[in-house]
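Notes for the structure review
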Amino acid sequence: MDFTLSEEQLMIQQAARDFAQNELLPGVIERDDAQKFPAEQVKKMGELGFLGMMVNPKYGGSGLDAISYTIVMEELSKIDASASVVVSVNNSLVCWGLETYGNEAQKEKYLTKLATGEVIGAFCLSEPEAGSDATSQKTTAIDKGDHYILNGTKNWITNGNSASTYLVIAQTDIEKGHKGINVLIVEKGMPGFEIGPKENKLGIRGSDTHSLIFNDVKVPKENRIGADGFGFKFAMKTLAGGRIGIAAQALGIASGAYELALKYSKERKTFGTEICNHQAIAFKLADMHTKIEAARHLVNKAAWDKDNGNNYDVSSAMAKLYASEVAMETTIEAVQIHGGNGFVKDYHVERFMRDAKITQIYEGTSEIQKIVISRSLIKN
Ligand code: CAA
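Residues numbered from 1 in each chain as written. Predicted model: local features only at pLDDT ≥ 70, side-chain atom pairs only at ≥ 80, totals over all residues. Heavy atoms only, no water.

A short note on the overall build of the protein chain
A tally of helices and strands in the protein chain yields eleven helices and nine strands. In terms of C-alpha radius of gyration, the protein chain reaches 21 Å, essentially the compact-globule figure of 21 Å for 380 residues. Over its C-alpha atoms, taken along the principal directions, the protein chain stretches across nearly 80 × 45 × 40 Å. Looking at the protein chain as a whole, 54% of its 380 residues qualify as buried. (Helix = DSSP H or I, 4+ residues; strand = E, 2+ residues; numbered from the N terminus. Rg over C-alpha atoms; globule rule 2.2 N^0.38 Å. Buried < 20%, exposed > 50% of the residue type's maximum accessible area, 1.4 Å probe, protein only.)

Here we look at the environment of Ile-195
With respect to the helices, strands and loops of the structure, Ile-195 is situated in strand S6 (residues 193–198). Residues Ile-195 and Ile-213, 18 residues apart in the sequence, show an inter-C-alpha distance of 6.3 Å. Every residue in contact with Ile-195, bar those within four places of it in the chain, is listed here: Gly-160, Asn-161, Tyr-166, Lys-188, His-210, Ser-211 and Leu-212. (Contact = heavy atoms within 4.5 Å.)

Observations concerning the pattern of salt bridges
All chains considered together, the criterion is met by 20 salt bridges. Of the charged contacts, one joins Glu-75 and Arg-17 as a salt bridge, the two residues approaching to 3.0 Å between their closest N and O atoms. Taken as a pair, Glu-75 in helix H4 (residues 66–77) and Arg-17 in helix H1 (residues 7–24) lie far apart in primary sequence, 58 residues in all. Given the relative accessible area of 3%, Glu-75 is considered buried. Accessibility expressed as a relative area gives 31% for Arg-17, which makes it partly exposed. A salt bridge links Lys-263 to Glu-267; its shortest N-O distance comes to 3.4 Å. Highlighted residues: Lys-263 and Glu-267, both in helix H7 (residues 231–267), separated by four residues, approximately one helical turn. Residue classification places Lys-263 among the exposed residues on the basis of a relative accessible area of 52%. Here the residues in one salt-bridge network are Arg-17, Glu-75, Lys-78 and Glu-259, joined through shared partners. (Salt bridge = Lys/Arg side-chain N within 4 Å of Asp/Glu carboxyl O.)

A few points about helix H9 (residues 313–338)
Each α-helix turn comprises 3.6 residues. Residues three or four places apart therefore point the same way. Helix length check: H9 (26 residues) gives 37 Å between terminal C-alpha atoms against 38 Å at 1.5 Å per residue, within 8%. Gly-339 lies just past H9 and shows a positive phi near 55°. (Expected span 1.5 Å × (residues − 1).)

Focus on the layout of surface pockets
Counted as a void, the largest pocket has a volume near 1500 Å³. Residue lining of the largest pocket: 47 residues in total, with Met-236, Leu-239, Arg-243, Gly-364 and Ile-368 positioned closest to the centre. Where the lining of the largest pocket is concerned, the elements lending two or more residues are helix H5 (81–101), strand S3 (147–158), H7, H9, helix H10 (349–359) and helix H11 (366–379). Residues that form the lining of the largest pocket fall into these classes: 21 nonpolar, 15 polar and eleven charged. Volume-wise, the second largest pocket comes out at about 600 Å³. Lining the second largest pocket are 20 residues, and of these Asp-2, Phe-3, Leu-5, Ile-67 and Asn-300 sit closest to its centre. Sorting the residues of the lining of the second largest pocket by element identifies H1, H4 and helix H8 (279–307) as the ones contributing at least two each. Counting residues per element, the lining of the second largest pocket draws most heavily on H8, at seven residues. A breakdown of the residues in the lining of the second largest pocket according to their chemical character gives seven nonpolar, six polar and seven charged. (1 Å grid on protein atoms, 1.4 Å probe; cavity = no way out; pocket = protein on both sides within 12 Å on 5 of 7 lines; lining within 4 Å. Points joined across faces, edges and corners; volume = space filled by probe spheres on them. Nonpolar A, V, L, I, M, F, W, Y, C, P; charged D, E, K, R; others polar.)

Topic: the packing of H4 against H7
As a packed pair, H4 and H7 sit with axes 7 Å apart at the nearest point and diverge in direction by 40°. One element, H4, and the other, H7, form an angle in the oblique class. When you trace H4 past H7, the crossing you get is right-handed. Only Ile-244, Gly-245, Ala-248, Gln-249, Leu-251, Gly-252, Ile-253 and Ser-255 of H7 make contact with H4, whose side of the interface consists of Tyr-69, Thr-70, Met-73, Glu-74 and Ser-77. In terms of residue class, the contact of H4 with H7 is made up of six nonpolar, six polar and one charged. (Axes fitted to C-alpha atoms, helices over the stretch in contact; angles between N-to-C directions. Parallel < 35°, antiparallel > 145°, perpendicular 65-115°, else oblique. Left-handed = near helix turned anticlockwise from the far one by under 90°.)

Structural measurements only, silent on function.
See the structure below:
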């Protein structure tokens, strides 16, 4: 077993670290306050190849492995989780799904622009009444021969207004249940497609989360990905990879908060000594570091499974479940170590604490991950 990163992975890590320090850190507090989407930073991430990391270079991607992707996700999330979620959704939920299941014409038309960051994408599964219970789709895509007519509402869509290409999951044949669900490529600007209100969120406030409304949107049949009825499997397969990205995001949030807490504990003095010399603080640091390392191993294992052609449904669920719990616990402790300063925006840790929460919710709540893991244990 070899835990060392390759030369290439170390270079990618350094590039992501430099980018996060130089381009994401300035203004991160202001963007969070103002709920400002990091548009310029996203453009630069596209230029660096971070938006199509695992995509074949023939479609404009960087052709890297999933481990490299998690390294970049961790480094970006150590500074700005609102920016890193754009990277996660574009890579895992949009580019990967299109490259793996799309046909050549769809890849030529949509994938290259998405992989280079010329445009960004959104993945549209959740609805007002279909979050965890994802088969209960109310959005309909009625087959009209050479096109579908799409009607319904999607909720909490990341990149909701910033995206140009949307992968929309919808029910075509209710009688067939989940086997009657399709996934359609929908373009911004198609008549009848409206962007709904922006959500005012607890965390990842720089990311752009909207509801989407479809009123008789005419979508050509050539925009359906895969065979008729493949939409639910598409969503499940895509989300399994997405969970690796979110697990890496959670890992980065935890690491970012831990590093700030460690630094602060070596500077701040109480009772005549730096607070890291108090066992109450030192033991917190030991716990935080141990849990972060354990989370990193689970994230690496899930990415390694993906890179090696193994099934990663369960390893990605375990990585996301654990890393997101660690992100929540670690960021709460980082605020505690900072004391009164932790409650103040300038010290960043309160933002990490707010940002951590979503990692336990999106791309499958912690409870959904436990369903995925336990069902597999019982079945096998
Ligand atoms: N791979 C392939 N097929 C899968 C699969 C997988 N990982 N998981 C399930 N399926 C298949 C099943 O085999 C079954 O097909 P068959 O009948 O042909 O065997 C079908 O899908 C239905 O599966 P279940 O009976 O297990 O379905 P269920 O209703 O019990 O739900 C669930 C399963 C795992 C709970 C699923 O509903 C789920 O993952 N829910 C959470 C959804 C989610 O993660 N939403 C996040 C929204 S996206 C987001 O957050 C993006 C963002 O913007 C950041």
